[in-house]
Amino acid sequence: MAIEAGSQPGWLARELPQHWVGIEKPIAMGRYPVTVGEWRVFVASTGWRPSGETDWDAPGFAQTDRHPVVGVNWFDAIRYVRWLSEATGKSYRLPSEAEWEYACRAGSKTAFSFGDTITTDLANYDGNFTYNGGPRGEYRRGTTPVGAFPANPWGLFDMHGNVWEWVQDVVHDNYDGAPLDGSAWEEGGDQARRILRGGSWLYNPRYLRSALRNGFSAALSNDIVGFRIVRDLM
């Protein structure tokens with residue numbers, strides 16, 4: 001997989017150096033971020049309540065069971081995938097950063113999986129801002145139900161915008177020394193922070209690019225961060 005960076009408008013140094021990654025293990029990735037409804041089942045089964053400042057059940061804007069859950073930190077997401085694995089007997093986990101980008105790109109080499117520009121008809125972000133000559137659009141001021149926008153070429157929804165998504169990897173300043181086999185990079189770096197991918201409803205479109213990587217304290221949560229899961233097939 002070629003991780004494209006350094007030539008797109010709005011690129012950041014942490015997206016470099018451009019490098020090849022081979023995804024060695026087959027996985028199935030969730031079509032959507034984990035939803036409020038799915039999270040409710042977990043809470044009902046375990047009694048777990050996230051301790052973050054944002055209440056996942058009342059984040060400040062309207063949410064239904066079909067909206068992506070927010071107000072969960074990285075440790076909450078890890079608890080969820082462990083519970084789901086035990087409940088189903090299958091191996092669920094957070095994706096690695098490389099797996100996430102591979103799935104987001106869906107074979108593309110452009111800024112987004114659907115080209116080098118973006119509109120608010122394709123994703124949920126702050127439409128007051130534009131990218132690469134694209135038009136202004138709607139600012140929805142909160143999440144939208146999963147699947148409300150077109151899927152990428154591999155049938156995955158909301159890979160751009162709506163909520164940032166936790167992945168397994170620890171935050172590093174750039175890709176120097178990153179694994180080349182698609183596995184999560186958990187050694188070194190800033191162990192207190194984990195990588196976020198995808199951008200969100202609150203952010204401008206440059207942060208929705210396939211190559212964009214962000215970091216956030218693993219112990220914190222807010223109303224712009226959720227997560228997506230993968231299942232190991234071998």
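Criteria and thresholds
- Residues numbered from 1 in each chain as written.
- Predicted model: local features only at pLDDT ≥ 70, side-chain atom pairs only at ≥ 80, totals over all residues.
- Heavy atoms only, no water.
- Core = buried A, V, L, I, M, F, W, Y, C linked by side-chain atoms within 4.5 Å.
- Buried < 20%, exposed > 50% of the residue type's maximum accessible area, 1.4 Å probe, protein only.
- Helix = DSSP H or I, 4+ residues; strand = E, 2+ residues; numbered from the N terminus.
- Contact = heavy atoms within 4.5 Å.
- Pairing = 2+ DSSP bridges.
- Axes fitted to C-alpha atoms, helices over the stretch in contact; angles between N-to-C directions.
- Salt bridge = Lys/Arg side-chain N within 4 Å of Asp/Glu carboxyl O.
- Phe/Tyr/Trp six-rings, centres within 6.5 Å; stacked < 30°, edge-to-face > 60°.
- Lys NZ or Arg CZ within 6 Å of the ring centre and 35° of its normal.

Asks: Sorry if this is basic, but what is going on with the nonpolar core here?
Replies: Generally speaking, soluble globular proteins have nonpolar side chains that are buried together. Counting residues in each nonpolar core, the largest one holds 32 residues, and the members touching the most others are Trp39, Val69, Tyr80, Leu94, Trp166, Phe227 and Ile229. Going through the elements one at a time, α1 (36-46), α2 (74-88), β3 (164-171) and β6 (225-227) are the ones with two or more residues in this core. Among the elements that line this core, the one with the most residues is α2, at seven residues. Residues within four places of Val69 in sequence aside, it is in contact with Val34, Thr35, Val36, Trp39, Trp56, Val225, Gly226 and Phe227.

Asks: Could you clarify how one ought to interpret the sheet that holds β6 in this entry?
Replies: Taken in spatial order, the four strands of this open sheet run β5-β4-β3-β6, and their pairing is mixed. Two strands in the sheet have a free side with no partner beyond their single neighbour: β5 (213-217) and β6. Between one strand axis and the next, the sheet turns by 55° as a mean value, whatever way the strands run. Bridging between β3 and strand β4 (residues 190-197) involves four bridges; their strand directions are antiparallel. For Glu165, the partnering residue across the bridge sits in β4 and is Arg197.

Asks: Help me out: how do you make sense of the pattern of salt bridges in this one?
Replies: Once the charged atoms of two side chains with opposite charge are near each other, the side chains can pair. All told, the structure shown has 13 salt bridges when counted by the stated rule. A salt bridge links Glu138 to Arg140, with the nearest nitrogen and oxygen atoms 3.4 Å apart. Its relative accessible area of 45% is what places Glu138 among the partly exposed residues. Looking at Arg140, the relative accessible area reads 24%, which means it is partly exposed. In this structure, Arg193 engages Asp190 in a salt bridge whose closest nitrogen and oxygen atoms are separated by 2.9 Å. A relative accessible area of 32% places Asp190 in the partly exposed class. Within the structure, one salt-bridge network assembled from shared partners comprises Glu97, Glu101, Arg105, Arg197 and Arg213.

Asks: Explain the pairing of β4 here, please?
Replies: Successive residues of a regular strand alternate their side chains across the two faces of the sheet. Bridge count between β4 and β5: five bridges; the pairing is antiparallel. Paired with Arg193 across the strands is Ser217, a residue of β5.

Asks: It is not clear to me how the packing of aromatic side chains should be interpreted in this structure. Could you clarify?
Replies: Describing an aromatic ring pair means giving the distance of the ring centres and the angle of the ring planes. Counted according to the given criterion, the structure contains 16 aromatic pairs. Ring plane angle 70° and centroid distance 5.4 Å describe the contact between Tyr80 and Phe227, whose orientation is recorded as edge-to-face. Here Phe227 lies in strand β6 and Tyr80 lies in helix α2, a separation of 147 residues in the sequence. Phe227 gets classed as buried once you look at its relative accessible area, which sits at 0%. Taken together, Trp39, Phe42, Tyr80, Trp83 and Phe227 form an aromatic cluster joined through their ring pairs. The ring of Trp74 carries the charged tip of Arg194 above its face, separated from the ring centre by 3.9 Å. Here the basic side chain of Arg206 rests over the ring of Tyr207, its NZ or CZ set 5.3 Å away from the ring centre.

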